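Understanding the architecture of this molecule
Next come the chains, spelled out residue by residue.
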Amino acid sequence: MSTNTESRSAEAETETEMESERESESSKEPCLRNWLELPSDVTASILLRLGAIEIIESAQKVCTQWHNICKDPSMWQSIDMWNLGDLHSMPYDLEKMCMHAIDRSCGGLVDINIEYFGTDELLTYITQRTSNLRRLRLVICWDVSDEGLSEAASKFPLLEELEIYFGNAGKDAIEAVGCCCPLLKTFKYNQEGTRDFSYQCDEEAIAIAENMHGLRHLQLVGNKLTNKGLQAILDGCPYLESLDLRKCFHVNLGGDMGKRCAEQIKNLRRPNDSTHDYQFTAEMDGSGFSDYGHLPSDFSYDDYSLGSDYDDYDSYDGYDVYESEIASND
């Protein structure tokens, strides 16, 4: 009797040990997450970390659920058209894709970043589909003119932030933006600095001073203003809290000017301060060439605008075909 009891006890212990080993081995196996089980709002939050190009060309094609989320207008309140600028190597037309993204916002667009392909026509398209724009960022958009930006500004009364990195928009556009956008608080107007004193120019600084009195933040990396233009800005923008003058080589912050800037501006970046945290090349080299593309300073991207190779391309076709396939599978 005692022997049988001992035998059953040993068997039980053995089974317990084997079960414990199985659980231990199971715990070591990788836990595979089914992303489709995530709540829609969590999935949307993750997808919003992608740019518009990645969403349209990749994410929305993963499955029906993601496609439906990507069509929600709330996904397109902010549109980021970041790209590398190699327009000729892209199999799609960025301007048409951007228009498609704008349409998806259903009038709710408040923030848009356009890089390398912006045009006057695209700005007009935006004005026709939203009056709620708060932030506009234009990066190396040579086909946006003074006239085009001026006209668009008249339709953006709620604009609070405007960023321009290189391009053809100048004094006239600055004046128009200042007059038409009374809520503007942040203005970034960045170029490439040059140490050549023959390039001094204060007209843009004076336009800012005379038309953007409510500014809190102003970035003028690489601008050609002198102390005259800086004086005008300090007089005309009394609420200015931060001023970025890096690579503004024609400004001298010695003496009274430096003292006034230090007293009036909470966050001052001086001409020779580091640009390690700045996304673009901030200074031309001595040969008159632009470092960001190793191109001459008078180079125009007009030659690289989408030409005849794209005339027959309609980016909407690809989206519509895919949406038809999704609908047929539902």
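Just so you know, these numbers come straight off a predicted model, no measurement behind them. (Residues numbered from 1 in each chain as written. Predicted model: local features only at pLDDT ≥ 70, side-chain atom pairs only at ≥ 80, totals over all residues. Heavy atoms only, no water.)

Here we take up the confidence of the model for the protein chain. Put simply, the protein chain has an average pLDDT of 85, and 76% of its residues get 70 or more. Confidence drops under pLDDT 50 across residues 287-318; counting only partners more than four residues distant or on other chains, this segment forms 51 contacts. (pLDDT = per-residue confidence, 0-100. Contact = heavy atoms within 4.5 Å.)

All chains considered together, the criterion is met by five aromatic pairs. For the ring pair Y165 and Y278, a centre distance of 6.5 Å and an interplane angle of 35° mean the geometry is tilted. Linking Y165 in strand β4 (residues 161-165) with Y278 in the loop between β8 (267-269) and β9 (289-290), this pair joins segments that are 113 residues apart in sequence. Each of the two residues, Y165 as well as Y278, counts as buried. An aromatic cluster is defined as three or more aromatic residues linked by ring pairs; in this entry it consists of Y165, F166, Y278 and F280. Here the guanidinium or amino end of R195 rests over the ring plane of F249, the centre of that ring lying 3.9 Å away. (Phe/Tyr/Trp six-rings, centres within 6.5 Å; stacked < 30°, edge-to-face > 60°. Helix = DSSP H or I, 4+ residues; strand = E, 2+ residues; numbered from the N terminus. Buried < 20%, exposed > 50% of the residue type's maximum accessible area, 1.4 Å probe, protein only. Lys NZ or Arg CZ within 6 Å of the ring centre and 35° of its normal.)

Here we take up the packing of helix α7 (residues 146-153) against helix α8 (residues 171-180). Put simply, α7 and α8 touch, their axes get as near as 8 Å, and they point 0° apart. Classified by the interaxial angle, the pair formed by α7 and α8 is roughly parallel. Taken together, the residues of α8 that come into contact with α7 (itself represented by D146, L149, S150 and A153) are K171, D172, A173, A176, V177 and C180. For the contact of α7 with α8, a count of residues per class yields six nonpolar, one polar and three charged. (Axes fitted to C-alpha atoms, helices over the stretch in contact; angles between N-to-C directions. Parallel < 35°, antiparallel > 145°, perpendicular 65-115°, else oblique. Nonpolar A, V, L, I, M, F, W, Y, C, P; charged D, E, K, R; others polar.)

On the surface, a nonpolar cluster with roughly 270 Å² of combined accessible area is contributed by W35, V42 and I46. Structurally, V42 is set in helix α2 (residues 40-47). (Patch = residues over 30% accessible without salt bridge, like charges linked within 9 Å, V, L, I, M, F, W, Y side chains within 5 Å. Areas by Shrake-Rupley, 256 points an atom, 1.4 Å probe, with all protein chains shown as cover. Salt bridge = Lys/Arg side-chain N within 4 Å of Asp/Glu carboxyl O.)

All right, on to the sheet that holds strand β3 (residues 135-139) then. Taken in spatial order, the eight strands make up an open sheet running β1-β2-β3-β4-β5-β6-β7-β8, and their pairing is parallel. Looking along the sheet, the strands with just one partner apiece sit at the ends: β1 (78-81) and β8. Taken over all neighbouring pairs, the strand axes of this sheet differ in orientation by 5° on average, direction set aside. Sheet topology note: the β3/β4 ladder contains five bridges and is parallel. If you follow R137 over to β4, its bridge partner there is E163. (Pairing = 2+ DSSP bridges.)

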